[in-house]
There are 2 protein chains.
Amino acid sequence: MEKRKFIYEGKAKRLYETDDQDILIQEFKDDATAFDATKRGTIGNKGIVNNKLSEKIFTLLEKKGIPTHFIKRLNDRDMLVKRVKIVPIEVTMRNIVAGGMAKLLALDEGIILKKPVLEWHYKEDKLHDPLINDDHVMALGIATPKELEIIKKYSYKVNEALKKFFDSKNLILVDFKLEFGRYKGKTMILADEISPDTCRLWDKTTKEKLDKDRFRRDLGNVEEAYQEVLRRVMA
Amino acid sequence: MEKRKFIYEGKAKRLYETDDQDILIQEFKDDATAFDATKRGTIGNKGIVNNKLSEKIFTLLEKKGIPTHFIKRLNDRDMLVKRVKIVPIEVTMRNIVAGGMAKLLALDEGIILKKPVLEWHYKEDKLHDPLINDDHVMALGIATPKELEIIKKYSYKVNEALKKFFDSKNLILVDFKLEFGRYKGKTMILADEISPDTCRLWDKTTKEKLDKDRFRRDLGNVEEAYQEVLRRVMA
């Protein structure tokens, strides 16, 4: 399939229509943003890495019974995906305290949570993606109670599958962000991408950060960290 | 009973020990703060009004089966209460969009919610009382799942009782804040106060604000609004 009309440009990806109205091409860029897009830059070959990683992980999750928008990878930067209407909720699942949760509650990064912490952030740039709760989701009318239940169920399943998978690659899954969407106006499926842009991954032995925090915090070797994750995941 | 050792000064109240170790005297001040205590002032006779209102409302809620810390009113500004260890959660129940929720989600004040919205704010001044969810409560260890269930149940019961009560006084209960505490180390009971400091109350006919928003927003006639609520509640 070929790219037809360009329809959307996000911070890290572009979307194009295809000849099939239910199928899009998702193109992965090297652009990186952080801190509410106040920090901008590029990470060399990030698009290629994230495309391959997302292919691998979506394939794994499909096998575990989690429906995703992934159809197939077309080339280095493009992937064929089901066209969904994105639910404007950034789902964050946390196994270890880091990032926003450390800041919100003044907790030390690295605290292992007894139970995973699941958060909804209202995906609305101009409000800075605020943390919200189930009642806010209902008040905003952005998902039904049933849809929210499905999103919860899939999010925990994703966490279980990915914790185990990354552990086998000597990586700790600290936390991650998911986005879901409605396919053909109803079926809730996992969308977006799964990569070091959307997951915090630490080396199991050294606790070295191998994710976008290297870019956020100017830790250096950003491109190398993404390549290292790809190398381990593909090994 | 008489005031013995002074033990705590909050923004609007002081607490004193009594000769009974399980009983405190809660003294209502005229001090008012807003916007994370960046705005400070006094509202004439507020302490007297809030003491009387809280007496009336706690008595009503006890009759509805909600246990509270209220024992009896002693005089204009003092009330005898059960000594509790406060759970550091500010419980906010909303029937109509206003205040923090309007700001958080960029919604117009005055939107009637189809279902009440219940929020937890972590009571921690230095973090600015952030909105948190159930999982954060568990991660912080500030309440058990069972305690949180009890708090939820009581909060909905309080809302039902107070909506009806204020409606009969020609007042709309827009939203309110509750605090709970553990009495004798275990029983969860309603504590703090219930007043125009902690409830948004609008005149049913004119929609005029009769609560602390008059102070927050410099709307004038602040003392008069508190007196008017007291007059109607006592009528």
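Whatever comes next refers back to the structure up there.
Rules used throughout
Residues numbered from 1 in each chain as written. Chains lettered and ligands numbered in written order. Predicted model: local features only at pLDDT ≥ 70, side-chain atom pairs only at ≥ 80, totals over all residues. Heavy atoms only, no water. Least-squares fit on C-alpha atoms with pLDDT ≥ 70 in both. Contact = heavy atoms within 4.5 Å. Pairing = 2+ DSSP bridges. Helix = DSSP H or I, 4+ residues; strand = E, 2+ residues; numbered from the N terminus. Axes fitted to C-alpha atoms, helices over the stretch in contact; angles between N-to-C directions. Buried < 20%, exposed > 50% of the residue type's maximum accessible area, 1.4 Å probe, protein only. Salt bridge = Lys/Arg side-chain N within 4 Å of Asp/Glu carboxyl O.

Colleague: Pulling in residues and values, what's your account of the relation of the copies chain B and chain A?
Modeller: Overlaying chain B with chain A gives an RMSD of 0.0 Å, the required rotation being 180 degrees about an axis along which the chain moves by 0.0 Å. Within this description, the copies of the chain are treated as partners about a two-fold rotation axis. Relative to the rotation axis, the C-alpha of asparagine 133 of chain B is the closest in chain B, positioned 3.0 Å from it. Looking at chain B, 100% of its interface residues are interface residues in chain A too, so the copies touch through the same face.

Colleague: Outline the sheet that holds strand β15 (residues 199–203) of chain B, supporting the account with residue identities and numerical values.
Modeller: Whether parallel or antiparallel, the strands of a sheet pair through hydrogen bonds between backbone atoms. Residue and element names in this part refer to chain B. Within the open sheet, the 5 strands sit side by side as β11-β10-β9-β12-β15. Their pairing is antiparallel. Looking at which strands have only one partner, the edges of the open sheet turn out to be β11 (131–132) and β15. Inspection of the sheet shows strand β12 (residues 171–178) paired to β15 by 5 bridges, in the antiparallel sense. Within β15, the position partnered with phenylalanine 176 by the bridge is cysteine 199. Sheet contacts for helix α4 (residues 145–168): β9 (89–96), β10 (112–122), β12 and β15; angle to β12, the most-contacted strand, approximately 155 degrees.

Colleague: I'd like to hear about the pairing of strand β3 (residues 23–28) of chain B, residue by residue, with values.
Modeller: Residue and element names in this part refer to chain B. Burial analysis of β3 places 6 of its 6 residues in the buried class, which makes it a mostly covered element. Alternating positions in β3 separate into two faces, Ile23, Ile25 and Glu27 on one and Leu24, Gln26 and Phe28 on the other, with burial throughout. Sheet topology note: the strand β2 (residues 13–17)/β3 ladder contains 5 bridges and is antiparallel. Following the sheet pairing, glutamate 17 is matched in β3 by leucine 24. Turn length for the β2-β3 hairpin, with the two strands adjacent in sequence and antiparallel, is 5 residues. Summarising the sheet, β3 and strand β7 (residues 78–82) pair through 5 bridges and their orientation is antiparallel. By the bridge assignment, leucine 24 is partnered in β7 with valine 81.

Colleague: Lay out the pattern of salt bridges in plain terms, naming residues and giving numbers.
Modeller: Tallying each qualifying case throughout the model produces 76 salt bridges over all chains. Note that lysine 29 of chain A and glutamate 9 of chain A form a salt bridge whose closest N and O atoms lie 2.6 Å from each other. Taken together, the residues lysine 29 of chain A in the loop between β3 (23–28) and β4 (31–34) and glutamate 9 of chain A in strand β1 (residues 6–9) connect sequence positions 20 residues apart. For lysine 29 of chain A, a relative accessible area of 6% corresponds to the buried category. The exposure class assigned to glutamate 9 of chain A is partly exposed, which follows from its relative accessible area of 39%. As a salt-bridge pair, lysine 152 of chain B and glutamate 149 of chain B come within 3.7 Å of each other at their nearest N and O atoms. Taken as a pair, lysine 152 of chain B and glutamate 149 of chain B lie in helix α4 at a separation of 3 residues, close to a single helical turn. Assessed through its relative accessible area of 21%, lysine 152 of chain B is described here as partly exposed.

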